[in-house]
Amino acid sequence: MGQYLIELHQVAKSFKAADGKARTVLEKLDFKLAQSEIVALLGKSGSGKSTLLRIIAGLIPADSGKLAYRDKPIYGPVAGIAMVFQSFALFPWLTVQQNVELGLEAQGVATQERKARADALLELIGLAGFGGALPRELSGGMKQRVGIARALVTNPDVLLMDEAFSALDVLTGETLRNDMLELWDGDRIPTKGILIVSHNIEEAVMMADRIIIMASDPGCIRCEVKIDLPRPRDVDSPVVRALIDEVYGLMTMRTPQEASTGVALSRHVGYRLPETDVSRIEAVLDLLADAPFNGRADLPQMAEESELTDEELFPTYEALSLLGLAMIEKGDILLTALGRQYAGADQAVRQELFGQQLLAHVPLAAHIRRKLEQDSNGSLPEQPFIELLEEFLKADEAKRVLEIAVEWGRYGEVYKYDYHTGRMTLPEPARED
Ligand code: ADP
Ligand code: MG
């Protein structure tokens, strides 16, 4: 005991859904953060990463399980743990200096010392001379530097970073990430362990000593990849490319246990449909079908060629595989026979295939269609469908999933939707019947 900064044992968390039923977000999770370690958490949106970080930060309580910081139970915010947020979370009416000092005020540090420490931190993080500025005068990258300075000024043992670089443009994010790593690797900050949440695989591979991949619904740890490479790492080196490939594969692959029960998972009315749209699904499919890929692409190469982010690509891959048009295999995405047929088809055939696959593989779409067929007018309000989804999802997520099902269903001519009345209807019968 004692060698771990953070220890979680069988930590579980659920939230109440709109109907009052509890929905499990984290299921009996074990996790340890050791001294001198950077750990990256990767996982689909909604897999509970932010929830986990907020529990460790003491911002929300776990429902059950044990959690400790240096062997002491965590009941609320702990002085040794600081967090950096994606949204920066700065107070707009406070200057940069005041924002940074805030963390120290809470700890009762005297004014003089507060000022000295904030100054030193601003200098360290590249904000010297900006102490008097207001957040709105700063670029996104500078704002996040303030967010990081505010966390670091308390000399935390453990730094938690929730998608801290994702609101920034790629270049700014990379610069800030490298600056952070330089501080860490050069022992210029007293931080002993970092836990970052990311949806950027490259970022995780470049930063972490260990990557943990979370599975969703409920969130749990799916697998772990150790990275034994010195930093700074060269993103173009074969070993880093291979690692990125491996993590890509792991992120998109089903675990053996999911594969065996895979049908049950996606065959669920409340399945969280991937956040993507028809035009993106078809764009990626077309790209995959064309040269140079000709039906099979290495995932990182596809990322490069498509100019889409992982956050955009992953849901699209999921949609393609859900619809039986493509599948993921060993870090590659490849078209199925149907996917090939789809790629070569004209618009009308594409829509027909889309509708057919939607009914066969997306239970929510099939459910809506069945209910409409059972209705004498072939027309129903959307509300009951939203309520059904709220048994599994938060209200805004339920709405979003129905929106996706509506968009896909309209395209596949499985049902129609009237935006004015919020009603779903059967499409007009085809001419032959
Ligand atoms: P991630 O960070 O991996 O995207 P989150 O931890 O933010 O995931 O959310 C996981 C799930 O928990 C989501 O379904 C989300 O809607 C739900 N959730 C998070 N916070 C709350 C809350 N305060 N009340 C109800 N549901 C919540
Ligand atoms: Mg999150």
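Report follows, based on the coordinates. On a predicted model such as this, the values are computed, not experimentally measured, just so you know.

### Focus: the site of ligand 1
Link 1 in the chain: Taken together, the neighbourhood of ligand 1 is formed by 14 residues, with Arg 23, Gly 46, Lys 49, Thr 51 and Glu 397 sitting nearest.
Link 2 in the chain: Protein contact buries 78% of the 560 Å² of open area that ligand 1 shows by itself.
Link 3 in the chain: When residues in the shell around ligand 1 are grouped by element, the largest group, 3 residues, is from helix H1 (residues 49-56).
Link 4 in the chain: Considering only residue class, the shell around ligand 1 consists of 2 nonpolar, 6 polar and 6 charged.
Link 5 in the chain: No fewer than three residues from each of domain 1 (4-251) and domain 2 (255-433) sit in the shell around ligand 1.

### Section: the pairing of strand S7 (residues 158-162)
Link 1 in the chain: By the criterion of burial, S7 is predominantly enclosed, with 5 of the 5 residues buried.
Link 2 in the chain: Of the two faces of S7, the one lined by Val 158, Leu 160 and Asp 162 and the one lined by Leu 159 and Met 161 are each fully buried.
Link 3 in the chain: Relative to S7, strand S6 (residues 81-84) runs parallel, the two sharing 4 bridges. Bridged to Val 84 within S7 is Met 161.
Link 4 in the chain: Two strands pair when backbone bridges link them, and S7 and strand S8 (residues 193-198) are joined in this way by 5 bridges, in the parallel orientation. Note that in S8 the partner of Leu 159 across the bridge is Ile 194.
Link 5 in the chain: Each parallel crossover has a hand, and the one from S7 via helix H5 (residues 170-185) to S8 is right-handed.

### Some details on the packing of aromatic side chains
Link 1 in the chain: This structure, assessed with the given rule, holds 6 aromatic pairs.
Link 2 in the chain: Between Tyr 248 and Phe 314 the ring centres are 5.6 Å apart and the planes differ by 45 degrees, which places this aromatic pair in the tilted class. Here Tyr 248, found in helix H7 (residues 238-252), pairs with Phe 314, found in helix H11 (residues 310-322); they are 66 residues apart in sequence, far enough to count as distant.
Link 3 in the chain: When its relative accessible area of 4% is taken as the criterion, Tyr 248 is described as buried.
Link 4 in the chain: Every member of this aromatic cluster is reached through a ring pair, and the members are Tyr 248, Phe 314 and Tyr 317.

### Observations concerning the side chain of Thr 51
Link 1 in the chain: By secondary structure assignment, the location of Thr 51 is in helix H1.
Link 2 in the chain: Classification of Thr 51 as buried rests on a relative accessible area of 9%.
Link 3 in the chain: The residues touching Thr 51, leaving out its near neighbours within four places in the chain, are Lys 13, Phe 15, Val 25, Leu 26 and Ile 60.

### So, the sheet that holds S7
Link 1 in the chain: Within the open sheet, the 6 strands sit side by side as S6-S7-S8-S3-S9-S10. Their pairing is mixed. Because the sheet does not close on itself, it has two edges, and the strands there are S6 and strand S10 (220-226). Put simply, the sheet's adjacent strands are angled 20 degrees from each other on average, direction ignored.
Link 2 in the chain: Note that strand S3 (residues 37-43) and S8 share 6 bridges and pair parallel. Opposite Leu 41, over in S8, you have Val 197 as the bridge partner.
Link 3 in the chain: Against the sheet, H7 contacts S3, strand S9 (210-215) and S10, and its axis sits at roughly 165 degrees relative to S10.

### Remarks on the packing of helix H9 (residues 278-289) against helix H12 (residues 337-344)
Axis angle and axis distance: for two packed helices, these are the angle between their axes and the distance between the axes, and together they describe the pair.
Link 1 in the chain: With their axes 10 Å apart at the nearest point, H9 and H12 run at an angle of 100 degrees to one another. When the interaxial angle is binned, H9 and H12 end up roughly perpendicular. Where H9 abuts H12, its residues Glu 282, Leu 285, Asp 286 and Ala 289 lie against Gly 339, Tyr 342 and Ala 343.

### Notes on the pattern of salt bridges
Link 1 in the chain: A full pass over the atoms with the stated rule returns 22 salt bridges.
Link 2 in the chain: We note a salt bridge from Arg 350 to Asp 286, for which the minimum N-O separation is 2.7 Å. One end of the pair, Arg 350, is in helix H13 (residues 347-361); the other, Asp 286, is in helix H9, with 64 residues separating them in the sequence.
Link 3 in the chain: According to the relative accessible area criterion, Arg 350 is buried, its value standing at 8%.
Link 4 in the chain: The shortest N-O distance in the salt bridge between Arg 400 and Glu 403 comes to 2.5 Å. You can see Arg 400 and its partner Glu 403 sitting in helix H16 (residues 395-411), 3 residues apart, about one turn around the helix.

What counts, and at which threshold
Sequence order sets the numbering: in each chain, residues are counted from 1 along the sequence as written. Here the convention is simple: chains get letters from A, ligands get numbers from 1, in the order in which they are written. Under the rules for a predicted model, residues below a pLDDT of 70 receive no local features and side-chain atom pairs below 80 are neither given nor counted, while totals for whole chains, interfaces and linings still include all residues. Each side-chain value is derived from all of the structure's non-hydrogen atoms; neither hydrogens nor water enter the calculation. By convention in these notes, a residue is near a molecule or strand provided one of its non-hydrogen atoms lies within 4 Å of it. Working definition of accessibility: Shrake-Rupley area with a 1.4 Å probe, residue cover restricted to the visible protein chains. Helix and strand definitions here come from DSSP, where helices need a minimum of 4 consecutive H or I residues and strands a minimum of 2 consecutive E residues; each element is numbered from the N-terminal end. Three classes are used, and their members are as follows: Ala, Val, Leu, Ile, Met, Phe, Trp, Tyr, Cys and Pro are nonpolar, Asp, Glu, Lys and Arg are charged, and the others, Gly among them, are polar. As annotated, the domain borders come from an automatic or database domain assignment. Only protein chains enter the calculation, and the probe is 1.4 Å; a residue is then buried if its accessible area is under 20% of its type maximum, exposed if over 50%, and partly exposed in between. By this definition, two strands are paired if DSSP reports at least two bridges between them. Think of it like this: strands point away, you trace from the first strand over the helix to the second, and a clockwise trace means the crossover is right-handed. Whether two aromatic rings pair depends on their centres lying within 6.5 Å, for rings of Phe, Tyr and Trp, where Trp uses its six-membered ring; planes under 30 degrees apart make the pair stacked, over 60 edge-to-face, and the rest tilted. Here, two residues are considered to be in contact whenever any of their heavy atoms come within 4.5 Å of each other. All axes are obtained by fitting lines to C-alpha atoms, using only the stretch in contact for helices, and the reported angles, taken between N-to-C directions, cover 0 to 180 degrees. Roughly parallel here means an angle under 35 degrees, roughly antiparallel means over 145, roughly perpendicular means 65 to 115, and every remaining angle is called oblique. Here, a salt bridge means any Lys or Arg side-chain nitrogen found within 4 Å of an Asp or Glu carboxyl oxygen.

Everything listed is a geometric property; what it means functionally is a separate question.
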